[in-house]
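So you can see what is in the structure, the chains are spelled out below.
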Amino acid sequence: MNTHIHLLESFSQLYEVWKDETLRKRIEELLAIVRDKVSVEPGAMNLYFTNDWRAIPDHDSYGHDVETTY
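Each residue is numbered by its place in its chain's sequence as written, counting from 1. At least 70 in pLDDT is required for a residue's local features to be given in this predicted model, at least 80 for side-chain atom pairs to be given and counted, and no such filter applies to totals for whole chains, interfaces and linings, which use all residues. Only heavy atoms go into the side-chain values, all of them from the structure, while hydrogens and water stay out.

A pairing counts as a salt bridge when a side-chain nitrogen of Lys or Arg comes within 4 Å of a carboxyl oxygen of Asp or Glu. On inspection of all chains with the given rule, the structure shows five salt bridges. Between Arg24 and Glu21 there is a salt bridge, and its shortest N-O distance comes to 2.3 Å. Taken together, the residues span about one helical turn, with Arg24 and Glu21 both in helix α2 (residues 21–38) at a distance of three residues. Buried, partly exposed and exposed residues are distinguished by accessible area as a fraction of the type maximum, computed with a 1.4 Å probe on protein chains only: under 20%, between the cut-offs, and over 50%, respectively. Given the relative accessible area of 26%, Arg24 is considered partly exposed. Here Glu29 ties to Arg26 by a salt bridge, and the two come within 3.2 Å at their closest N and O atoms. Of this pair, Glu29 and Arg26 are both found in helix α2, three residues apart, which corresponds to roughly one turn of the helix. Numbering of helices and strands runs from the N terminus, with a helix taken as a DSSP run of H or I at least four residues long and a strand as a DSSP run of E at least two residues long.

Here the expected span of a helix is defined as 1.5 Å times the quantity of residues minus one. Along its 18 residues, α2 runs 25 Å from first to last C-alpha, staying within 8% of the 26 Å computed at 1.5 Å per residue. Every buried residue of α2 is accounted for by Leu23, Ile27, Leu30, Val34 and Val38. Taken around the axis of α2, the buried residues stretch over an arc of 65°, which confines them to a single face. Capping the start of α2, Asp20 holds a side-chain oxygen 3.1 Å from the backbone nitrogen of Thr22, two or three residues further along. The arc refers to the directions leading from the helix axis to the C-beta atoms. Here a polar contact is recorded for every N or O atom pair within 3.5 Å, except that within protein the pair must consist of a potential hydrogen donor and a potential acceptor, and residues adjacent in sequence are included only if both atoms are side-chain atoms.

This part covers unusual backbone geometry. The backbone of Trp53 shows a phi angle near 65°, a positive value even though the residue is not glycine. With respect to the helices and strands, Trp53 occurs in the loop between β2 (44–45) and α3 (62–69).

As for its placement among the helices and strands, Asn46 is situated in the loop between β2 and α3. Setting aside chain neighbours within four positions, we find Asn46 in contact with Met1, Val38, Val40 and Ala55. Between two residues, a contact is recorded if the distance between any of their heavy atoms is within 4.5 Å.

Along the chain, the position of Ser39 falls in strand β1 (residues 39–40). Residue classification places Ser39 among the partly exposed positions, given a relative accessible area of 30%. Separated by 38 residues in the primary sequence, Ser39 and Met1 have C-alpha atoms spaced 9.2 Å apart. Filtering out sequence-adjacent residues up to four positions away, Ser39 remains in contact with Val34, Ala44 and Met45. Engagement of the side chain of Ser39 in a polar contact is seen with the backbone oxygen of Val34, the distance being 2.8 Å.

What follows is the structure, given as structure tokens:
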């Protein structure tokens, strides 16, 4: 999760000054991963995953949830 949200943050900042189509597609991919794989009910994010996107339980990072919301 940490890597994906920080890539999303940096790619979004870059896109503000460089409107590249490939970069826009990568941002969309990262948004989908965060929305569909990382985020879980009731609105929290899992921190660690296996290679096939199964969450590894008992690892929480609520500060990253707040940071991503911002």
